[in-house]
Amino acid sequence: MQTVIEDPRLVPIRAKVEAGERLSFEDGVALYGTSDLLAVGYLANLVRERLHGNVTYFNVNRHINPTDVCVASCRLCAFGKRARDPKAYTMSLEEVWQRAGEGWSEAVTEFHIVGGLHPELTLDWYCEMLRGLKQRFPKVHLKALTMVEIAYLARRTKISARETLERLRDAGMDSLPGGGAEIFDERVRRIICDHKIDGAEWIETARAAHQLGLRSNCTMLYGHIENDRDRVDHLVRLRALQDETHGFVTFIPLAFHPDNTPLQHIPGTTGFADIKNIAVARLMLDNIPHIKAYWVMMTPRIAQIALRFGADDIDGTIVEERIYHDAGATTAQGLRRAELLQLIRKAGREPVERDTLYRPVERTETAFTVLA
Ligand code: V47
């Protein structure tokens, strides 16, 4: 089936997509520039179904944020707090391990662990945390620490990012989440997160992780002060690293939530922009296998629609989410497995529970097996 393409700029892009050819930087700008969302979505869905057919992936996971103390004070963020802030928290190791076991009865296959840049928690502390989790939950995949946290720990420990990653891997880290990438462009980064590592160091840290055989995700934060070219530049830089390492598993476009941040005068994103970012990502990132519609950020209703506009994954049960809820998200803290199944089925897709590396999972409520 073919949709009518209204915008003439999309005609050569359709030819490339149908021929399986790579899109250029200017193609990306044209995709962002058009309001012909149905045409962009049609093309993205073509690629999505070529790669994954009718399957939509989800997982049964739990987020853990060991601390919100952060030295970075990024303007984009409502989660990070100064150590002296009475609302700031830092879990003890015992608390992290206990929290990991709390939640719903469904056995989780993944812990997603990220937090602030705490000035006192050491690399040894994080290694101990991971070892303790592996000891208590040996079957659970530990997707832990963003490239930003790795670079910060490396700097404080006065060792390389590679060595930091090696130590964390030896302690039990299985892969890394995609956060902290924001927008790589320097002008934008100076305004939204000036104390964070720059785009080049984020890429360099991801390269080091991938070279060690660790897989990771990648993200892009949109809907603040960036423009179309900044977003395309970001996607093209991720694509270039992926050509080299093949280490990225999933790309997640993240909508900026302004509430309680120093940028709260910026209006929140629209459903149109959320869907557009999924579709453009699917078309530009021809070498990244999965595009995730993160339901917490998009709302389950928009995430469900995204499954027809390029996304093949809707993320997981999560149980407890803080980063988006501190920034005004009104979605639930978590969803039950049955709710995810329902969302996917009602979009006419076939749900497949996956582990972090997209191997299918077979389960009862309290136990699971990852199928090789
Ligand atoms: O790195 C922070 C973003 C990220 C705000 O890898 C904000 O599977 C919007 O990376 N408004 C953390 N975004 C979340 C993240 C993630 C989420 C789900 C799955 C995966 C994965 C990764 O959230 C941060 C930052 O980019 N963020 N503050 C805010 N106010």
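Note that this is a predicted model, so its numbers are computed, not measured.

A. Structural view of the environment of R349. Here R349 lies in the loop between helix 15 (337–346) and strand 10 (350–353). The exposure class of R349 is buried, given its relative accessible area of 3%. Aside from chain neighbours lying at most four places away, what touches R349 is N45, R48, E49, G53, N54, T56, L307, R308 and I344. A polar atom in the side chain of R349 sits 2.8 Å from the side chain of N45. A polar atom in the side chain of R349 sits 2.8 Å from the side chain of N54.

B. Representation of the sheet that holds strand 9 (residues 313–316). On the basis of which strands lie adjacent, the open sheet formed by three strands has the order 9-1-10 and parallel pairing. A single partner strand is all that each edge strand has here, and the edge strands are strand 9 and strand 10. Here the strands of the sheet are splayed against their neighbours by 25° on average, with no regard to which way each runs. Packed onto the sheet, helix 15 meets strand 1 (55–59), strand 9 and strand 10 and runs at close to 165° relative to strand 1.

C. Region of interest: the pairing of strand 2 (residues 61–64). Of the two faces of strand 2, the one carrying N61 and H63 and the one carrying R62 and I64 are both buried. Pairing of strand 2 with strand 3 (residues 110–113) involves four bridges; the strand directions are parallel. Following the sheet pairing, N61 is matched in strand 3 by E110. Read as a crossover between parallel neighbours, the route from strand 2 over helix 4 (residues 93–101) to strand 3 is right-handed.

D. Quick look at empty space enclosed by the protein. Inspection of the entire model under this criterion finds three cavities of 30 Å³ or more. Roughly 40 Å³ of volume is contained in the largest cavity. Residues of the lining of the largest cavity, tallied by class, amount to two nonpolar, two polar and three charged.

E. Quick look at unusual backbone geometry. One non-glycine residue with positive phi stands out, namely N260, at about 65°. Structurally, N260 can be placed in the loop between strand 7 (248–255) and helix 11 (271–284). Residue N260 is classed as exposed on the basis of its relative accessible area of 53%. A positive phi angle, near 70°, is found at D315, a position not held by glycine.

F. Structural context of the packing of aromatic side chains. Scanning all chains against the criterion turns up six aromatic pairs. Centroid distance F111 to F137: 5.2 Å. Interplanar angle 85°. Geometry classified as edge-to-face. With F111 in strand 3 and F137 in the loop between helix 5 (123–136) and strand 4 (141–144), this pair connects stretches of sequence that are 26 residues apart. Measuring from centroid to centroid gives 5.1 Å for W125 and Y126, while their planes differ by 80°, and the two rings are edge-to-face.

G. A look at the nonpolar core. Grouped together as the largest cluster of nonpolar side chains are 120 residues, with contacts concentrated most on F111, M129, L133, W202 and F251. Setting aside anything within four residues of it in sequence, one finds W202 in contact with M147, V148, G178, G179, G180, A181, F184, I197, N217, C218, L238 and F248. Counting five residues, the second-largest nonpolar core is a separate cluster that includes V55, Y57, V249 and V352.

H. Spotlight on the site of the ligand. L76, K143, G180, E182 and K292 are the nearest of the 24 residues found near the ligand. Taken by itself the ligand offers 610 Å² of open surface, and the protein chains cover 95% of this. For the ligand, the cavity whose grid points lie within 2 Å of the majority of its atoms is the largest pocket. Across the shell around the ligand, the residue classes break down as twelve nonpolar, eight polar and four charged.

I. Highlighting helix 6 (residues 147–157). Taken across its eleven residues, helix 6 has eight buried, putting it largely inside the fold. Buried residues of helix 6: M147, V148, E149, I150, A151, Y152, L153 and A154, and no others. Taken together, the buried residues of helix 6 touch helix 5, helix 7 (161–171), strand 5 (175–176), helix 9 (199–211) and strand 6 (215–222). Among the residues trailing helix 6, K158 stands out with phi positive, at a value near 60°.

J. View of the packing of helix 6 against helix 7. Put simply, helix 6 and helix 7 touch, their axes get as near as 8 Å, and they point 105° apart. Judged on the interaxial angle alone, helix 7 and helix 6 are roughly perpendicular. Of helix 7, the residues touching helix 6 (which contributes I150, L153, A154 and T157) are A161, T164, L165, R167 and L168. Of the residues that constitute the contact of helix 6 with helix 7, the class distribution is six nonpolar, two polar and one charged.

K. Quick peek at the layout of surface pockets. Computed from the structure, the largest pocket encloses a volume of approximately 1,000 Å³. The wall of the largest pocket is formed by 48 residues, among which L76, C77, F79, E182 and I323 lie closest to the centre. Every element with two or more residues in the lining of the largest pocket is listed here: helix 6, strand 6, strand 7 and helix 14 (323–326). Partitioned by chemical class, the residues of the lining of the largest pocket number 21 nonpolar, 15 polar and twelve charged. Each pocket or cavity is described by its volume, and for the second largest pocket that value is around 240 Å³. Lining the second largest pocket are 20 residues, with H257, G268, T269, M297 and T299 positioned closest to its centre. Of all the elements, helix 12 (residues 295–298) adds the most residues to the lining of the second largest pocket, at three residues. For the lining of the second largest pocket, the per-class residue count stands at nine nonpolar, nine polar and two charged.

Parameters and conventions
- Residues numbered from 1 in each chain as written.
- Predicted model: local features only at pLDDT ≥ 70, side-chain atom pairs only at ≥ 80, totals over all residues.
- Heavy atoms only, no water.
- Helix = DSSP H or I, 4+ residues; strand = E, 2+ residues; numbered from the N terminus.
- Buried < 20%, exposed > 50% of the residue type's maximum accessible area, 1.4 Å probe, protein only.
- Contact = heavy atoms within 4.5 Å.
- Polar contact = N/O pair within 3.5 Å; in protein donor to acceptor, adjacent residues only side chain to side chain.
- Pairing = 2+ DSSP bridges.
- Axes fitted to C-alpha atoms, helices over the stretch in contact; angles between N-to-C directions.
- Right-handed = clockwise from strand over helix to strand, strands pointing away.
- 1 Å grid on protein atoms, 1.4 Å probe; cavity = no way out; pocket = protein on both sides within 12 Å on 5 of 7 lines; lining within 4 Å.
- Points joined across faces, edges and corners; volume = space filled by probe spheres on them.
- Nonpolar A, V, L, I, M, F, W, Y, C, P; charged D, E, K, R; others polar.
- Phe/Tyr/Trp six-rings, centres within 6.5 Å; stacked < 30°, edge-to-face > 60°.
- Core = buried A, V, L, I, M, F, W, Y, C linked by side-chain atoms within 4.5 Å.
- Near = heavy atom within 4 Å.
- Areas by Shrake-Rupley, 256 points an atom, 1.4 Å probe, with all protein chains shown as cover.
- Sits in = over half its atoms within 2 Å of the grid points.
- Parallel < 35°, antiparallel > 145°, perpendicular 65-115°, else oblique.

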